[in-house]
Amino acid sequence: MNAFDQTASVSDGAHAVDPQHRSDIEALWFALEADRRAQDERLARLRTMKLIGGEDDAA
């Protein structure tokens, strides 16, 4: 880090995360990822049902 770059780097010791907090953050990210996958699956099913029903997405 130079005088102009004020961003903290991973090597800065002041920003260490305790293991419990880190596992909570990881659990949150995994839950968000699972939610996105489920939303993608629901959207894919909806599109399939629209195609079977004869609806056109371009309209």
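About the cut-offs
- Residues numbered from 1 in each chain as written.
- Predicted model: local features only at pLDDT ≥ 70, side-chain atom pairs only at ≥ 80, totals over all residues.
- Heavy atoms only, no water.
- Patch = residues over 30% accessible without salt bridge, like charges linked within 9 Å, V, L, I, M, F, W, Y side chains within 5 Å.
- Areas by Shrake-Rupley, 256 points an atom, 1.4 Å probe, with all protein chains shown as cover.
- Salt bridge = Lys/Arg side-chain N within 4 Å of Asp/Glu carboxyl O.
- Helix = DSSP H or I, 4+ residues; strand = E, 2+ residues; numbered from the N terminus.
- Buried < 20%, exposed > 50% of the residue type's maximum accessible area, 1.4 Å probe, protein only.

### Section: a nonpolar patch on the surface
And step 1. A cluster of nonpolar side chains, Ile25, Leu28, Trp29 and Leu32, forms an exposed patch at the surface whose accessible area comes to about 390 Å².
And step 2. Its place among the elements puts Trp29 in helix 1 (residues 19-53).

### As for the pattern of salt bridges
And step 1. Applying the stated criterion to the full structure yields three salt bridges.
And step 2. Two residues, Arg37 and Glu33, come together in a salt bridge whose shortest N-O distance is 3.2 Å. Highlighted residues: Arg37 and Glu33, both in helix 1, separated by four residues, approximately one helical turn.
And step 3. Judged by relative accessible area, which is 45%, Arg37 ranks as partly exposed.
And step 4. Judged by relative accessible area, Glu33 falls into the partly exposed class, the value being 37%.

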